[in-house]
Structure formats: C-alpha cells, structure tokens
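One letter stands for each residue in the lines below.
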Amino acid sequence: MQGDRYYWQKFKMIRYITPFCMVMLLLTAANAQDRNVSADDIATDASGDRIGEVNVAEKVQVDPVNSDDRIEKRLQEIMQATGWFESPKVSVDRGVAFIEGIADTKRHQAWAEATAMNTADVVAVVNRVEVAAQPFWNFAPALESLSQLGREAVGVLPLVLIALVIGVLAYYLAISAARLTRWVATNRVDSHLLRQVMGNVVGVVVFIIGVYIALRVSGLTRLAVTLLGGTGLVGLALGFAFRDIAENYLSSILLSLNRPFRVGDLIEVEGAKGYVRKVTTRGTVLNTLEGNQIQMPNSTVYKGKITNFTATPLSRHDFTIGIGFEHSIGEAQEMIMSVLTGHACVVSDPGPMVIVKSLDSAVVNLQVLYWIDQTKHSELKVSSSVIRKVKQRLAETGITMPNEAREVVFPLGVPVHLIQNTGSDPSMKPDVVKAPLLEPSITSGEGNLETEQTEVMRATSNDETIKDEVNLIA
C-alpha cells in the first residue's frame, strides 16, 4: 500500500507539471517570435507611412559618376537577382526612380522602394510594384510560420529546460515550505484547518516566486510581470465566481476556531437534528437517529441557529398524565414523586416536579418534569421507563386515568329493566379484581437506558463518502 501511494503521488505530480511544461514551451517560442519583425510589421503601403526595419544597404555606390542610365541598370540587376519580382522594370528620369513589377510579398515590395531610395543620386522613388495575389488555398505562409516557430523553439529549448528545472524545484520547495509552516504552527495554533490554510498560503507564495523566476530565465519577462501584477485581479475574479465556495471555506475556519460543537454532540441546525460526525471544508456532516447522513453547508451552520443538546450534561424532560376528579391530587403527586426520586436515571439536583397543568371536563392533567444526564442516558429510553413506572404506581394505589368525558343525549329516554339475581346463574358471578403486574425498571424493549450516540456513530461508521475527508474539529 505504501508503494502504491508513493507511485500515485508521483503520478499526480507529473499530471500537474506536464501542462506547465507545455505552456512554458509554447509561451517561450511565442515570445521569441515576437522579438522578430513580422511581415505585417515591416510592410506598408505606398502612402509614405513608416516602413519599419528592413534589411537594406545604407548606400548603393555607382562609381565613378552616376547617371540615370547607370542607376536604372543597377537597380534592374538588383531586382532581377533577388528572384522576388516578376517582370521587374526600372526607369530613372533626372534622379527620380520609377520601379514596376509584381512582388511576391508585401515586405519585398517595401524592400524594393527602400533599396532604390538608398541608391546614390536618387532623389525620389515612385513605387509602382504590385503584390501578387495569394491563392485562396495557399498554405505556404502557414507552413513557413510553423517552420519558423519550430526553429525558434529549438533555439530557446535550453532556456525552457532550465525554466522547467526551476519550476520543479519550486514545486518541491513549496511543498516543503507548507509542511514546515504547519509543523511550526502545531504548538501555536489549535485549529487544524487554520494550520492547513497557513501552510497552503506559504506554499502558494513560494511556488509563484519560483514560476516568476522560471519565466524570467526563459525570457518571458513581460509575462512574469503580468503574472505577479494580475494575481490580485485573478483572485478577485475568482472570489466573485466562487463566492459560495469561499464563504463555506471561511465558515469552516470560523467554526474550527469558535467550536460551537464537537464531534459526537447532538445538535439541531435549521430543522436538521443529528450527531456531529465530521466538519470538512465543504460542510458539516450529521448522523441522524435514524442512521441517515445530512451534509449541511458550513455557511448555513455558522449563520444559522445551532441547538446543542449535549453542550451541558443535564437536560429536562416532561410528559402529561390525567387522573380522575374523584382522586386526591396531592396523593397522586406524592405517588409520582416517589417514582421519580427512586428512578436511577433521574437526577436529584435539580429535583423533579409534579404540577397541575390544567383542569378538563373530566380529567385533572398533571405535568411531570424531571432531569436526566443526557451524556449517559437516552431521552427516549428514560422517558419510556418513567412513564411505565408512573402508570404502575397509580394503578397500584387505585388512581384511575380516564379519557375525556363525552355527553350522549337520548331524546326518548333510556329504558331500564331490573333483573333479580337468584344466585343460580353462574354468569352472574362477581368480577374478580386482578392485582396489577409489577413493572420492571428496565425492559427488553427499552434495552439499557444509555444514550444512542455510540450506537448511531457505530452504525454509520462505514460511510465511504466522507472517509477521506479531514476532520477540522475534535
């Protein structure tokens, strides 16, 4: 497994570095091509605009004394020798040179004019040279550009190799700087996420500096300056584009610093209730009592109302029970209090209470309130156990728990027939009152009265979706 992980990390490094190498090679070749004078930069029209840099002689000497015929003959020979012109023709009249013909490119058209102008004793040039029309499917310029690009790429290949070496060194140096920063902050910063963020920031800064040096070495100085100058603008643009992601990431940092809950706490946020399983950079993972998983955005958790049921160990719970009007309320309260004070899961401080909640048409409603240690016991299980014991005690003392009274009207009256008991009918035997069954403190249905935290966390421990996520809180 260690070997596989090692090769996997190397593969990821190669996957990230390969695009960087390709981009460096292309950008360096493009920069070298920009340094040369292109045909469009040198070419100009006959209106007299600046031609640009052309490879022409400063003066063409005609020895010993120039005349129009000698100038005409010399320029004619030069244009024919180049092979760039079709049907070249030169005529000179009193120092004014008239050049005609068809040039293969616009650059050679400008070259002919500049050459004639630099010839001795030429005072003006009239350029009547036309440029040959290029065919629609002419791939020669494209092939020439590709060939030129290839030659320039080969020429700058040593610089590219050095830049790649610097980039690789910067990558490993950034990783080492990030790890060193996290190690230094281990004893100074408690938040795991904050240590991770500090390491990432230092690593990114080191890597950007390395890329800047690599670009400078490869000759892409302008691109290097643009990279550093545009980092802030790119960050701002990415901030607007990924606003929600950035908000969740910042919320995860604040949650890891403030720690409103910990792993294993039972919380409720925006109607979602469950045990905290993990807090990642993407969201907070809750495991519900039903065994389901809820992933909530950290921004929602941080800005929402958080109810932490396990922040304090003690929690009060209650239920309502009704007794008949014919029974003593005080006696019923004493019976219920004896059950609460004798229950192992009900704490004595704060003590339990039994109060009269309301009077209905045929029932006196008593509200039973008690406290439990929810870090040790389950609310559902203890509530079930307490209700069973209270019902048992009231039944033992003969206190009934009737339903609501219902009034039934008989418009024609109710006929009543008296039946004399002769004692011979066996069906008329008096009812036998059975003693109520004793209720145990814990039943198999309730199991142990411990909290469900261990059961829920164990039942959802095989969740593969968040297994590789780093937990930001303890």
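Look up: the structure comes first, before these words.
One structure accompanies this document, and this report is about it. (Residues numbered from 1 in each chain as written. Predicted model: local features only at pLDDT ≥ 70, side-chain atom pairs only at ≥ 80, totals over all residues. Heavy atoms only, no water.)

## Here we look at the overall build of the chain
Here comes step 1: A count of helical and extended segments in the chain gives 13 helices and 11 strands.
Here comes step 2: Within the structure as shown, the chain displays about 30200 Å² of accessible surface, and the carbon and sulfur contribution to it stands at 58%. (Helix = DSSP H or I, 4+ residues; strand = E, 2+ residues; numbered from the N terminus. Areas by Shrake-Rupley, 256 points an atom, 1.4 Å probe, with all protein chains shown as cover.)

## Looking at unusual backbone geometry
Backbone geometry follows two general trends: most residues other than glycine have a negative phi, and most peptide bonds adopt the trans configuration.
Here comes step 1: Residue Pro 350 follows Asp 349 across a cis peptide bond; omega there is 0 degrees.
Here comes step 2: In the Ramachandran plot, Arg 94 falls in the positive-phi region, its phi being about 55 degrees despite a non-glycine side chain.
Here comes step 3: Considering the arrangement of structural elements, one finds Arg 94 in the loop between strand E1 (85-93) and strand E2 (96-103).
Here comes step 4: With relative accessibility at 69%, the residue Arg 94 sits in the exposed group.
Here comes step 5: With a phi close to 70 degrees, Asp 121 is a non-glycine residue in the positive phi region.
Here comes step 6: Structurally, Asp 121 is set in the loop between helix H4 (106-117) and strand E3 (124-131). (Buried < 20%, exposed > 50% of the residue type's maximum accessible area, 1.4 Å probe, protein only.)

## Quick look at the sheet that holds strand E5 (residues 272-279)
Here comes step 1: Pairing is antiparallel in the open sheet, where five strands are placed in the order E7-E6-E5-E4-E8. Every interior strand has two partners, whereas the edge strands, strand E7 (293-297) and strand E8 (306-308), have only one. Between one strand axis and the next, the sheet turns through 40 degrees on average, direction left out of account.
Here comes step 2: Bridge count for strand E4 (residues 266-269) against E8 is three bridges, and the pairing is antiparallel. The partner of Ile 267 across the bridge, within E8, is Asn 308. (Pairing = 2+ DSSP bridges. Axes fitted to C-alpha atoms, helices over the stretch in contact; angles between N-to-C directions.)

## A short note on the pairing of E7
Side chains on a regular strand alternate between the two faces of the sheet.
Here comes step 1: As judged from the five bridges shared by strand E6 (residues 283-287) and E7, these two strands associate in the antiparallel manner. Counterpart to Thr 284 in the pairing with E7 is Met 296.

## Focus: the nonpolar core
Here comes step 1: By size, the foremost hydrophobic cluster in this structure holds 20 residues, and its most contacted members are Ile 336 and Tyr 370.
Here comes step 2: The set of elements that each furnish at least two residues to this core consists of strand E9 (314-324), helix H11 (329-342), strand E11 (363-373) and helix H12 (379-396).
Here comes step 3: It is E11 that contributes the most residues to this core, five residues altogether.
Here comes step 4: Excluding anything up to four places from it in sequence, Ile 336 contacts Ile 321, Val 354, Leu 366, Val 368, Val 390 and Leu 394.
Here comes step 5: With 16 residues, the next largest nonpolar core counts Ile 71, Phe 85, Ile 99 and Val 122 among its residues. (Core = buried A, V, L, I, M, F, W, Y, C linked by side-chain atoms within 4.5 Å. Contact = heavy atoms within 4.5 Å.)

## Comments concerning the sheet that holds E1
Here comes step 1: With respect to topology, three strands assemble into an open sheet ordered E1-E2-E3, the strand pairing being mixed. The open sheet has two edge strands, E1 and E3, and neither has a second partner. The average undirected angle you get between the axes of adjacent strands in this sheet is 10 degrees.
Here comes step 2: The pairing of E1 with E2 spans seven bridges and is antiparallel. Residue pairing in the sheet places Val 92 in a bridge with Ala 97 of E2.
Here comes step 3: Relative to E1, helix H3 (residues 68-82) is tilted by about 165 degrees, and along the sheet it contacts E1, E2 and E3.

## Digging into H12
Here comes step 1: An ideal rise of 1.5 Å per residue puts 26 Å on 18 residues; H12 measures up with 26 Å between its terminal C-alpha atoms.
Here comes step 2: Within the sequence span of H12, burial applies to Lys 381, Val 382, Ser 383, Ser 385, Val 386, Arg 388, Val 390, Gln 392 and Leu 394.
Here comes step 3: By the N-cap criterion, in which a side-chain oxygen at the helix start approaches the backbone nitrogen of a residue two or three places on, H12 is capped by Ser 378, the distance to Leu 380 being 3.4 Å.
Here comes step 4: The positive-phi residue at the C-terminal boundary of H12 is Gly 398, with phi of around 80 degrees. (Expected span 1.5 Å × (residues − 1). Polar contact = N/O pair within 3.5 Å; in protein donor to acceptor, adjacent residues only side chain to side chain.)

## Brief notes about the pairing of E6
Here comes step 1: Most of E6 is tucked away: five of the five residues are buried.
Here comes step 2: In terms of strand pairing, E5 meets E6 through four bridges, oriented antiparallel. Bridge pairing links Val 276 to Leu 286 in E6.
Here comes step 3: The turn joining E5 and E6, which pair antiparallel and follow one another in sequence, is formed by three residues.
Here comes step 4: Between E6 and E7, which pair antiparallel in sequence order, lie five residues; one of them, Gly 291, sits at a positive phi of approximately 90 degrees.

## Notes on the packing of aromatic side chains
Here comes step 1: Per the counting criterion, the structure on display carries four aromatic pairs.
Here comes step 2: Here the aromatic rings of Tyr 171 and Tyr 172 are separated by 5.5 Å at their centres, their planes lie at 80 degrees, and the arrangement is edge-to-face.
Here comes step 3: One residue, Lys 273, lies across the ring of Phe 309, its end atom 4.4 Å from the ring centre. (Phe/Tyr/Trp six-rings, centres within 6.5 Å; stacked < 30°, edge-to-face > 60°. Lys NZ or Arg CZ within 6 Å of the ring centre and 35° of its normal.)

## Things to note about the environment of Asn 298
Here comes step 1: Inspection of the secondary structure puts Asn 298 in helix H10 (residues 298-303).
Here comes step 2: Put simply, Asn 298 and Ile 245 are 53 residues apart on the chain and 9.7 Å apart in space, counted from C-alpha to C-alpha.
Here comes step 3: Polar contacts involving the side chain of Asn 298 include one to the side chain of Thr 284, which spans 2.9 Å.

## Examining the pattern of salt bridges
Here comes step 1: Throughout the structure, instances matching the rule amount to five salt bridges.
Here comes step 2: Two residues, Arg 128 and Glu 100, come together in a salt bridge whose shortest N-O distance is 3.4 Å. Here Arg 128, found in strand E3, pairs with Glu 100, found in strand E2; they are 28 residues apart in sequence, far enough to count as distant. (Salt bridge = Lys/Arg side-chain N within 4 Å of Asp/Glu carboxyl O.)

## Topic: a nonpolar patch on the surface
Here comes step 1: Taken together, the side chains of Phe 136, Trp 137, Phe 139, Leu 143 and Leu 146 present a nonpolar region at the surface, about 710 Å² in accessible area.
Here comes step 2: With respect to the secondary-structure elements, Phe 139 resides in the loop between E3 and helix H5 (140-155). (Patch = residues over 30% accessible without salt bridge, like charges linked within 9 Å, V, L, I, M, F, W, Y side chains within 5 Å.)

## Considering the packing of H3 against H4
For any two helices packed against each other, one specifies the inter-axial angle together with the distance between the axes.
Here comes step 1: Close contact between H3 and H4 brings their axes to 11 Å; oriented N to C, the two are set at 150 degrees. When the axes of H3 and H4 are compared, the pair comes out roughly antiparallel. Note that H3 runs across H4; the crossing there is right-handed. Contacts between H3 and H4 involve Leu 75, Ile 78, Met 79 and Thr 82 from the first element and Trp 111, Ala 112, Thr 115 and Ala 116 from the second.
Here comes step 2: When grouped by side-chain class, the residues that make up the contact of H3 with H4 number six nonpolar, two polar and no charged. (Parallel < 35°, antiparallel > 145°, perpendicular 65-115°, else oblique. Left-handed = near helix turned anticlockwise from the far one by under 90°. Nonpolar A, V, L, I, M, F, W, Y, C, P; charged D, E, K, R; others polar.)

Note that every value here comes from positions in space, so none of it alone points to a role or purpose.
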